[in-house]
Amino acid sequence: MSDTLDTLENITYEELQEGDSATYVKTLTEDELVLFAAVSGDVNPVHLDSEFAAESAFRERIAHGMWSGSLISAALATVMPGPGTIYLEQSLSFKRPVKLDDTLTVHLKVLAKERKNRVTLACDVRNQNDEQVVTGEAKVIAPTQKMSFSKPRLPKITIER
């Protein structure tokens, strides 16, 4: 999935096969870090205050762990299975910090197809150095009808400092 694609198309439960895989890529920008803090309400200074973060174990500001988790959600919703997917469950294990300007790649892999259109997927998130930052499993209800949508245009958001 690329931010430049104009169409989102799903993969139905019937089309999915164990072993199928997909990826989703996103880079953490300063604006996205601040927006995530504003939307989530998580204003921990390790994310927003350079001086505080310099004294932390990480020595610099880091992303919210759930920012990485939200990329898994985006991958499930837009790539595999895609539009119409219902997110049921997620386990996450945070392996290393995500820093400003890191580019993360979410790797999804179908582990099992279950009753009632349920699918279990392995989730592996790696940075630009191929270092694992998050691992886990997701359970979803995969769509049963084929769908294709124009990618919505989101509003431009300006951050005032």
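A.B. asks: When you look at the overall build of the chain in this model, what are you seeing that I'm missing?
C.D. replies: Helix and strand counts for the chain come out as four helices and seven strands. Ordered by position from N to C terminus, the α and β elements of the chain give β-β-α-α-α-α-β-β-β-β-β. Rg of the C-alpha trace for the chain: 17 Å, near the compact-globule value of 15 Å for 161 residues, within the 12% margin. Along the three orthogonal principal directions, the C-alpha set of the chain runs to about 50 × 35 × 25 Å. For the chain, long-range pairs separated by at least 24 residues make up 69% of all intrachain contacts whose partners lie at least 6 apart in sequence. As displayed, the chain offers around 9,300 Å² of accessible surface, 50% of which is attributable to carbon and sulfur atoms.

A.B. asks: I keep staring at the packing of aromatic side chains and nothing clicks. Help me out?
C.D. replies: Geometry of an aromatic ring pair is reported as the spacing of the ring centres plus the angle between the planes. With the rule as written, the count across this model stands at zero aromatic pairs. The ring of Tyr 13 is capped by Lys 113, whose NZ or CZ atom sits 4.4 Å from the centre of that ring.

The rules we used
- Counting restarts for each chain, with residues numbered from 1 along the sequence as it is written.
- Whole-chain, interface and lining totals are the exception, using all residues; otherwise, since this is a predicted model, local features are given only for residues with pLDDT of at least 70 and side-chain atom pairs are given and counted only at 80 or more.
- Neither water nor hydrogens contribute to the side-chain values; these are computed over all heavy atoms in the structure.
- For helices the rule is a DSSP run of H or I covering at least 4 residues; for strands it is a run of E covering at least 2, with both sets numbered from the N terminus onward.
- Between the two quantities, the radius of gyration covers C-alpha atoms and the globule rule is 2.2 Å times the number of residues to the power 0.38.
- Throughout, a residue-residue contact means that at least one pair of heavy atoms, one from each residue, lies within 4.5 Å.
- Here, Shrake-Rupley sampling with a 1.4 Å probe gives the accessible areas, and only protein chains in the shown set may cover a residue.
- For Phe, Tyr and Trp, rings pair up if their centres lie within 6.5 Å, where Trp contributes its six-membered ring, and each pair is then called stacked (planes under 30 degrees apart), edge-to-face (over 60) or tilted (otherwise).
- Only when the NZ of Lys or the CZ of Arg is both within 6 Å of the ring centre and within 35 degrees of the ring normal is a charge said to sit over the ring.

On their own, these measurements won't tell you what the molecule is for.
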